[in-house]
Amino acid sequence: MSRGPDSPHDRRVLADRVLERTGVDVARCYQCGKCSAGCPLAADMDFPPSQIMHLLQLADFPEFAELALRSHTIWLCLTCELCFCRCPMELDIPKLMDALRYESRAQKKVNPKARDIIAFHRAFLDSVRYTGRLFEMGQVVDYKLRSGHFLQDMLQAPWMFFAGKLHLLPERVRDRRLLKRMFAKTLKAKESRP
Amino acid sequence: MKTGFYPGCSMKGSAREYSESLLAVARLLGRELPEVPDWNCCGATAAHNLDRDLALALPARILAAAEKAGMDEVLVPCAACYSRLSVTRHELLEDDALRARISGLIEADYRGTARVINILEWLAGVDGLEGLIKTPFARKVACYYGCLLVRPAGIVKFDRPEEPQSMDRLMKRIGAEPLDWAFKTECCGAGFSVSRTDLVARLSGLILEDAVSRGAEAVIVACPMCHLNLDLRRPNIEKSSHKKIAIPVIYVTQAIGLALGIAPKKLGLQRHKVAVKFAAAPSSGTLKDADPSAGISKSGEV
């Protein structure tokens, strides 16, 4: 039975797991709110960044940590690094958001509103897994299939093609086998774990 | 000093004019930019959002290939790739155990000898640029750095995280007038261009409207993601902000190329969604100097 940081059997509180993974100690946050004030998407989030920190600080109430893992916020975070840059305690909030995303996915607690964002990431990485480089055309088709947004940007594609920006064939790296092994040992290994 | 070039995926596709203009300028300056051998995608937002090891392994493989080719530094013109490569180098140099694990994944020994530099650092190191200028790029410009050229400050250690100056200085060197404005380092929405176009349209719209209100004739960028969102997403932006916004978005290398007298076509200016209607010098007298609404057409509603 796995007891790694993503494991549902790990009994430590979320804040401790995040600390171990990222070195970010949420206890140091004194709720000044600078991160939320600067965040370009704070108004679109269910919990702005400072509230996510607060949810993790309330370690005696695991239901709050649960709210953070199920939040839309962790998927809306653009990793623009503004919060980290302005945090008076120099807490690396974007890195913490990454750790929450991993845990949210491993525990199957992903917010349903994040479906399109994750579909896009998956399509992106699939393209890289097969060719080693992003094949923009292939990725967009893959994303349409995953998200169901078939008509989105239909008028953009022909224009991009004629501007010479959209290629019909992928560029590929030579050592694609190594790339496949790298994916097999990282993303794929974690996703196939029961 | 051997400088390698990491184009990244977008400069081979949707941002090919960035690569075309960079290579045209480098040729004219007599600088060689060999590509990092057999480079792969840096993993971008997708990798670090879904898997930490993968997000470190993909850039580590690129940096290890550059080291193996004897490169002392790697020029990474895409700000997003620059960030991923810089963060990876920083994290792996800080933590030997992590470096060993990632080296295992990429089946090569990553040592961290090759430095990662961005386009502004590379251009700042070009001496004698002023002497080569054919037609000064005498335009009022809004220098847009975006998020990742200057942040996180402790990792990239480049310029100031708020109100940076390096691109402004560069624009002055080619005769442009960089303006004081508020959105230099605000986020354009980056990787959400396809999955959350609504958010990108709003964030990018705010950036463009501020540039226009200050009287800018062009927004200068140093990142394919920023360009994609501000240029290719213009129809979405106009729909979202209910205005026609005509200001062109130009790569820093295209502006320099124009000043150096390189033909607009060689700089890929024809590939932009928003037409770039000027070559280098302002057509005399017709400059809408102090008109704050210069870039927004009066016809208004879209």
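For every chain, the first residue of its written sequence is number 1, and the numbers climb from 1 along that sequence. Each chain takes a letter, starting from A, and each ligand takes a number, starting from 1, following the order in which they are written. This being a predicted model, a pLDDT of at least 70 is required before a residue's local features are given, and a value of 80 or more before pairs of side-chain atoms are given or counted; all residues contribute to the totals for chains, interfaces and linings. Side-chain figures throughout are based on the complete set of non-hydrogen atoms in the structure, without hydrogens or water.

## A closer look at the overall build of chain A
Piece 1. A tally of helices and strands in chain A yields twelve helices and zero strands.
Piece 2. The order of α-helices and β-strands along chain A, N terminus first, is α-α-α-α-α-α-α-α-α-α-α-α.
Piece 3. Over its C-alpha atoms, taken along the principal directions, chain A stretches across nearly 55 × 40 × 30 Å.
Piece 4. Every one of the 194 residues in chain A was classed for burial, and the buried ones make up 51%. Note on conventions: DSSP H or I runs of at least 4 residues are helices, E runs of at least 2 residues are strands, and numbering of each starts at the N terminus. Accessible area is worked out with a 1.4 Å probe on protein chains only. A residue is then buried under 20% of its type maximum, exposed over 50%, and partly exposed in between.

## Digging into the overall build of chain B
Piece 1. When helices and strands are counted, chain B shows twelve helices and seven strands.
Piece 2. The atom set for the radius of gyration is the C-alpha atoms, and the globule formula is 2.2 Å times the number of residues raised to the power 0.38. Relative to the compact-globule value of 19 Å for 302 residues, chain B shows a C-alpha radius of gyration of 19 Å, a close match.
Piece 3. For chain B, the spread of C-alpha atoms along the principal axes amounts to about 60 × 45 × 30 Å.
Piece 4. When burial is assessed residue by residue, chain B has 63% of its 302 residues classed as buried.
Piece 5. Expressed as a percentage of contacts within chain B between residues at least 6 apart in sequence, the contacts between residues at least 24 apart total 77%.
Piece 6. In this tally Asp and Glu are treated as negative and Lys and Arg as positive; neither His nor the chain ends contributes. Note on charges: their place is set at NZ of Lys, CZ of Arg, CG of Asp or CD of Glu. Here chain B holds 39 positive side-chain charges and 35 negative ones, and the gap between their average locations is 5 Å. By definition, residues are in contact when any of their heavy atoms lie within 4.5 Å.

## Here's the deal with the interface of chain B and chain A
Piece 1. Of the residues lining the interface, 53 residues belong to chain B; the matching set on chain A comes to 55 residues.
Piece 2. As used here, buried area is the combined drop in accessible area, with a 1.4 Å probe, of two parts when they are placed together. In this assembly, chain B packs against chain A so that about 5,200 Å² is buried in total across both faces, 60% of it on carbon and sulfur atoms.
Piece 3. Definition used for salt bridges: Asp or Glu carboxyl oxygen within 4 Å of a side-chain nitrogen of Lys or Arg. Between the two partners, chain B and chain A, sit seven salt bridges.
Piece 4. Between Lys-185 of chain A and Glu-107 of chain B there is a salt bridge, and its shortest N-O distance comes to 3.9 Å.
Piece 5. As used in this structure description, the phrase polar contact means that two N or O atoms lie within 3.5 Å; if the pair is within protein, one of them must be able to donate a hydrogen and the other to accept it, and residues adjacent in sequence are counted only when both atoms belong to side chains. In this assembly, chain B and chain A are joined by 23 residue pairs in polar contact (both at pLDDT 80 or more).
Piece 6. Looking at the side of chain B that touches chain A, the elements with two or more residues in it are helix H1 (16-29), helix H2 (44-50), helix H3 (52-68), helix H5 (96-106) and helix H9 (197-213) of chain B.
Piece 7. When residues in the side of chain B that touches chain A are grouped by element, the largest group, seven residues, is from H2 of chain B.
Piece 8. Of the residues assigned to the side of chain B that touches chain A, the class counts are 22 nonpolar, 14 polar and 17 charged. Classification used: nonpolar for Ala, Val, Leu, Ile, Met, Phe, Trp, Tyr, Cys and Pro, charged for Asp, Glu, Lys and Arg, polar for all others including Gly.

## Focus: the sheet that holds strand S3 (residues 115-117) of chain B
Residue and element names in this part refer to chain B.
Piece 1. At least two DSSP bridges between two strands are needed for those strands to be called paired. Reading across the sheet, the three strands line up as S1-S2-S3 and stay open at both edges, with parallel pairing between neighbours. Across the chains shown, the open sheet's two edge strands, defined by having one partner strand only, are strand S1 (3-5) and S3. Across this sheet, the average inter-strand angle for adjacent strands is 30°, counted without regard to direction.
Piece 2. Summarising the sheet, strand S2 (residues 73-75) and S3 pair through three bridges and their orientation is parallel. Axes here refer to lines fitted to C-alpha atoms; in helices the fit is confined to the stretch in contact. Angles between the N-to-C directions go from 0 to 180 degrees.

## A few points about empty space enclosed by the protein
Piece 1. Using a 1 Å grid laid over the protein atoms alone, points where a 1.4 Å probe fits but cannot get out form a cavity; open sets with protein on both sides within 12 Å along at least 5 of 7 lines form a pocket; any residue with an atom within 4 Å of a point counts as lining. Grid points are joined across faces, edges and corners, and a volume is the space filled by probe spheres set on the points. In the structure shown here, the tally under the stated rule is four cavities of 30 Å³ or more.
Piece 2. Here the largest cavity defines a volume of roughly 260 Å³.
Piece 3. What lines the largest cavity is a set of 20 residues, and nearest its centre among them are Lys-95 and Asp-98 of chain A together with Arg-84, Val-87 and Glu-91 of chain B.
Piece 4. Those elements giving two or more residues to the lining of the largest cavity turn out to be helix H1 (14-22) and helix H7 (93-106) of chain A together with H3 and helix H4 (79-94) of chain B.

## Some thoughts on the pairing of strand S4 (residues 140-143) of chain B
Residues and elements named next belong to chain B.
Piece 1. Residues Lys-140 and Ala-142 line one face of S4 and the alternating positions Val-141 and Cys-143 line the opposite face, and both faces are buried.
Piece 2. Direction of pairing for S4 relative to strand S5 (residues 177-178): parallel, over a ladder of two bridges. By the bridge assignment for S5, Lys-140 is matched with Glu-177.

## Some points on the nonpolar core
Piece 1. Nonpolar cores were defined as sets of buried Ala, Val, Leu, Ile, Met, Phe, Trp, Tyr and Cys residues, with membership established by side-chain atoms within 4.5 Å. Ranked by size, the top nonpolar core spans 141 residues in total, and within it Tyr-6, Ile-119, Phe-137, Ile-220 and Val-252 of chain B carry the most contacts.
Piece 2. Top contributing element to this core by residue count: H3 of chain B, with eleven residues.
Piece 3. The next biggest cluster of nonpolar side chains, apart from the first, holds 16 residues, and it includes Ala-42, Leu-78 and Cys-80 of chain A together with Phe-192 of chain B.

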